[in-house]
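# Observations on the three-dimensional arrangement
Residues per chain, in single letters:
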Amino acid sequence: MHEKELLPHLFRTEYRKIISVLVRHFGFEQFALAEDIASDTFLIAAETWGIKGLPENPVAWLYTVAKNKARDLVKRNAIFEHKIRAAIISDEKSDAETDIDLSEENIKDSQLQMMFAIADPILSTESQVALILRILCGFGIEEIADAFLSNKETIHKRLTRAKEKIRSAKIKIILPSPGEINQRIDAVLTSLYLLFNEGYYSSSRDSVLRKDFCLEAMRLTLLLIENGKTNKPQAEALFALMCFHASRFDARVDDNGEIIRYDEQNVALWNEELILKGHYYLNKASRGKVLSSYHIEAGIGYWHTIKDDSSKKWENILQLYNQLLIIGYSPVTALNRTYALSKVKGKPAAIEEAEKLGLTNNHLYHVLLGYFYTGNDNKKARSHLETGLRLAKTERERSLIRKDLKKVWEYGSMGV
C-alpha cells in the first residue's frame, strides 16, 4: 500500500479497535476521553511519520503511543485520577495493572463485548444500530444517515442522546446472559449487514467497492461465530452471504474502477475458495429452527454464484425473493425481485411489477426500468435513464447510466 494511503487505511481499521479497548477499560462514562486518546494518537502519527518516515511496524507503533497516552493521563490528570482511577483499582490493584492491553485477543473481546453492550434495550433499535455503526464500524454521520434514509442533523442528535443514555446508565461492557444475547443479536447483525452493504455498494462515496468496509464486516461477523455464546445460525447465514458476495469482488470492477454489472461479469474471476466457504457456513446455518432473512439472502447469493444462466437458477432466485418479502416487506427487495422476474417471465411482466412500486425518487428504480424498456420502448427507456442520471449520487453511477443511454441510442439507430 502506498505510504500516503497507509495512515487513512490504518485510521479506518485501527481507530475503532483502540476506542473499543479504551472504553472497555475505562467505561462508557469516559467515551470522550477514549476518543481524545485515539485521535491524538493518529495526529502524532501524521506529524511524526511525515518527518521521520514510516516505522517498521506502524500498527504496533500506534498501539504503543495509545497505551502511553492512556498511562500518562492516568498518572498526570488529577481530575481523571479523582473520578475514574478509584473505580479501576478499587480492589487495590497495582499501577502496573492499569496498563492498556492492545493484544489481538483483547481487541477481539473488547469489540465483541462492545457490540452487545451498545445493543442494550435501554436504547431504541435505531439508536443501537447507529451507535454500533459509528463506534465499531467507523461510519461517518452521512453514511449512517444514508443507511437510515435520514439526514445528518437527526443522526447527530440520535447519537448524542444514545451516548448520554449509556453513560448515565453506567452499562457494563461484558457479554450479557444467553437470553440477553438472543434479544440483542438482531441489532448487532443489522449493523454488520449495513457495514458490508456500504462497502459493497457505497451510497455516499464516489467509489464502486470499498473492500476495507466489507472485510471489516466479515472480520466482526467471524468474532460472533468464533465465540460459543454468540455463534447463532443467523450469524453463520450472514457470513455465508458475505462470502458469496465477496467471491465476485474481482469481477465486479474493471481496470478503470468502473462498475461491471452481474450479467457482464467474467465468471472466471469469481473466487471459488470464498464460494466454498459460503457453502460451508450456509450449511452450518441450517441447524435449529431459525429461518432469518440472512438465510434467504444467502440462498439468493448462492444461486448468483452458479455460473450456468439457466431457468432453474432464476426460478430459484425468484422463489427466494418471494420468501424474503413474506418475512419482511421492503420496496428495495421488491425492486431487486423484478430483475429475477424478468429472467423467468420476461421484461413486460417485470415492467408491470416494477411500476407498481412507484419508487420515483430512487435512481436504481429508473435504471432498472430503463433496462426493461430498452428494445421494447426506447423512448421510455431514455426517459427513465435520464431521470436516473439526475438522481444518481456518485459519478461512478452516472458514468454507468451514460453507458446505458448509449446502448438505448444504438438500439434506436438499428430500428429496434
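Residue numbers run consecutively from 1 along every chain, following the written order of its sequence. Per-residue local features of the predicted model are confined to residues with pLDDT of at least 70, and side-chain atom pairs are confined, for both listing and counting, to 80 or more; whole-chain, interface and lining totals are unaffected and use all residues. The side-chain numbers reported here are obtained from all heavy atoms of the structure, hydrogens and water having been left aside.

## Regarding the overall build of the protein chain
As a reminder, the rule being used: A run of DSSP states H or I qualifies as a helix once it reaches four residues; a run of E qualifies as a strand once it reaches two. Both are numbered from the N-terminal end. The atom set for the radius of gyration is the C-alpha atoms, and the globule formula is 2.2 Å times the number of residues raised to the power 0.38. Remark: exposure states derive from per-residue accessible area (1.4 Å probe, protein chains only) relative to the maximum for the residue type, with buried under 20%, exposed over 50%, and partly exposed in between. Contacts between residues were defined by any pair of non-hydrogen atoms, one from each residue, lying within 4.5 Å. Charge counting treats Lys and Arg as positive and Asp and Glu as negative, with His and both chain ends excluded. A single reference atom marks each charge: NZ on Lys, CZ on Arg, CG on Asp, CD on Glu.
Of regular secondary structure, the protein chain possesses 20 helices and 0 strands. Radius of gyration (C-alpha) of the protein chain: 24 Å, near the 22 Å computed for a compact globule of 416 residues. The principal-axis extents of the C-alpha atoms in the protein chain amount to approximately 85 × 55 × 40 Å. The proportion of buried residues among the 416 residues of the protein chain is 49%. For the protein chain, restricting intrachain contacts to residue pairs at least 6 apart in sequence, the fraction spanning at least 24 positions comes to 65%. Positive and negative side-chain charges in the protein chain, numbering 58 and 56 respectively, have mean positions lying 3 Å apart.

## With respect to helix 16 (residues 331–345)
Our working rule: What a helix is expected to span follows from its residue count: subtract one and scale by 1.5 Å. Here the bend at a residue means the angle between the axes of two seven-residue stretches, the one that ends at it and the one that starts at it.
With 15 residues, helix 16 extends 20 Å from end C-alpha to end C-alpha; this agrees with the ideal 21 Å at 1.5 Å per step. Along helix 16, the sharpest kink reaches roughly 25°, centred on tyrosine 339. When helix 16 is considered as a whole, its buried residues turn out to be Thr333, Ala334, Leu335, Arg337, Thr338, Tyr339, Ala340, Leu341 and Ser342. Packing partners of the buried residues in helix 16 comprise helix 15 (311–327), helix 17 (347–357) and helix 18 (363–373). Downstream of helix 16 by one or two residues, glycine 346 has phi in the positive range, about 100°.

## A closer look at the packing of helix 16 against helix 17
Note the following rule: What counts as an axis is a line fitted to C-alpha atoms, over the stretch in contact for a helix, and the angles between N-to-C directions run from 0 to 180 degrees. In what follows, roughly perpendicular refers to angles from 65 to 115 degrees, roughly parallel to angles under 35, roughly antiparallel to angles over 145, and oblique to any angle outside these ranges. In this scheme the crossing of two helices becomes right-handed for a clockwise turn of the near helix relative to the far one and left-handed for an anticlockwise turn of less than a right angle. Each residue gets one of three labels, nonpolar for Ala, Val, Leu, Ile, Met, Phe, Trp, Tyr, Cys and Pro, charged for Asp, Glu, Lys and Arg, and polar for the others, Gly among them.
In contact at an axis separation of 7 Å, helix 16 and helix 17 are set at 170° when each is read in the N-to-C sense. By the angle between their directions, the pair helix 16 and helix 17 is classed as roughly antiparallel. Two packed elements cross with a definite hand, and for helix 16 against helix 17 that hand is right-handed. On helix 17, the residues that touch Pro331, Ala334, Leu335, Arg337, Thr338, Leu341, Ser342 and Lys345 of helix 16 are Lys347, Ala349, Ala350, Glu353, Ala354 and Leu357. Class assignment of the residues belonging to the contact of helix 16 with helix 17 gives a composition of 8 nonpolar, 2 polar and 4 charged.

## Some thoughts on the packing of aromatic side chains
Just so we agree on the cut-off: By convention, a stacked pair of Phe, Tyr or Trp rings (six-membered ring in the case of Trp) has centres within 6.5 Å and planes under 30 degrees apart, an edge-to-face pair has planes over 60 apart, and any other such pair is tilted. Only when the NZ of Lys or the CZ of Arg is both within 6 Å of the ring centre and within 35 degrees of the ring normal is a charge said to sit over the ring.
The tally for this structure, following the rule as stated, stands at 17 aromatic pairs. Ring centres of phenylalanine 196 and tyrosine 200 lie 6.1 Å apart, and the angle between their planes is 15°; this geometry places the pair in the stacked category. Of the two residues, phenylalanine 196 and tyrosine 200 both sit in helix 9 (residues 178–200), 4 residues apart, roughly one turn of that helix. Note on phenylalanine 196: relative accessible area 3%, which makes it buried. A connected cluster of aromatic rings, assembled from ring pairs, spans Tyr262, Trp270, Trp314, Tyr339, Tyr371 and Phe372. In this structure, arginine 158 packs its charged tip against the face of phenylalanine 148, placed 5.2 Å from the ring centre. Here the basic side chain of lysine 347 rests over the ring of tyrosine 371, its NZ or CZ set 4.2 Å away from the ring centre.

## Observations regarding the nonpolar core
Stated formally: Working definition of a nonpolar core: buried Ala, Val, Leu, Ile, Met, Phe, Trp, Tyr and Cys residues. They are joined through side-chain atoms within 4.5 Å.
Among the nonpolar cores identified, the biggest contains 122 residues, and Phe28, Ile118, Leu192 and Leu224 are the most heavily contacted of them. Setting aside residues no more than four positions away along its own chain, phenylalanine 28 makes contact with Val23, Met114, Ala117, Ile118, Ile166, Arg167, Ile171 and Ile173.

## Digging into the side chain of aspartate 120
In this fold, aspartate 120 is placed in the loop between helix 5 (104–118) and helix 6 (125–135). With relative accessibility at 16%, the residue aspartate 120 sits in the buried group. Every residue in contact with aspartate 120, bar those within four places of it in the chain, is listed here: Gln128, Ile171 and Arg184.

## Some words on helix 9
For helix 9, which comprises 23 residues, the first-to-last C-alpha distance of 32 Å matches the rise-based estimate of 33 Å (1.5 Å per residue) to within 8%. At arginine 184, helix 9 shows its maximal kink, close to 45°.

## Considerations on the confidence of the model for the protein chain
Rule in force here: Confidence per residue, as judged by the predictor, is encoded in pLDDT with a range of 0 to 100.
Overall, the predicted model of the protein chain reaches an average pLDDT of 88, with 90% of residues at or above 70. Throughout residues 90–97 the model reports pLDDT below 50, and contacts reaching past four residues in sequence, or to other chains, amount to 3 contacts.

## Here's the deal with the side chain of serine 247
Residue position: serine 247 is located in the loop between helix 11 (233–246) and helix 12 (249–252). Residue classification places serine 247 among the buried residues on the basis of a relative accessible area of 1%. The residues contacting serine 247, other than those within four sequence positions of it, are Leu269, Trp270, Asn271, Leu274, Ile275 and Thr305.

## Considering the pattern of salt bridges
Cut-off, in case you're wondering: Take a side-chain nitrogen of Lys or Arg and a carboxyl oxygen of Asp or Glu: if they are within 4 Å of each other, that pair is a salt bridge.
Within this structure, the stated rule accounts for 26 salt bridges. Across the pair arginine 210 and glutamate 143 runs a salt bridge whose closest N-O atoms are separated by 2.7 Å. Separated by 67 residues along the polypeptide, arginine 210 in the loop between helix 9 and helix 10 (211–226) and glutamate 143 in helix 7 (residues 141–147) bring together distant segments of the chain. Judged on exposure class, the residue arginine 210 and its partner glutamate 143 are both buried. For the salt bridge of glutamate 264 with lysine 407, the shortest nitrogen-to-oxygen distance reads 2.9 Å.

## Let's talk about the environment of glycine 27
Along the chain, glycine 27 falls in the loop between helix 1 (3–26) and helix 2 (31–52). With 163 residues separating them along the chain, glycine 27 and threonine 190 place their C-alpha atoms 24 Å apart.

## A short note on the state of the cysteines
So the rule is basically this: Here, two cysteine sulfur atoms that lie within 2.5 Å of each other are counted as a disulfide.
Taken as a whole and judged by the stated rule, the model has 0 disulfides. For the unlinked cysteine cysteine 137, the closest cysteine sulfur is that of cysteine 214, found at 12 Å. The cysteine cysteine 214 is free of any disulfide, with cysteine 243 supplying the nearest cysteine sulfur at 12 Å.

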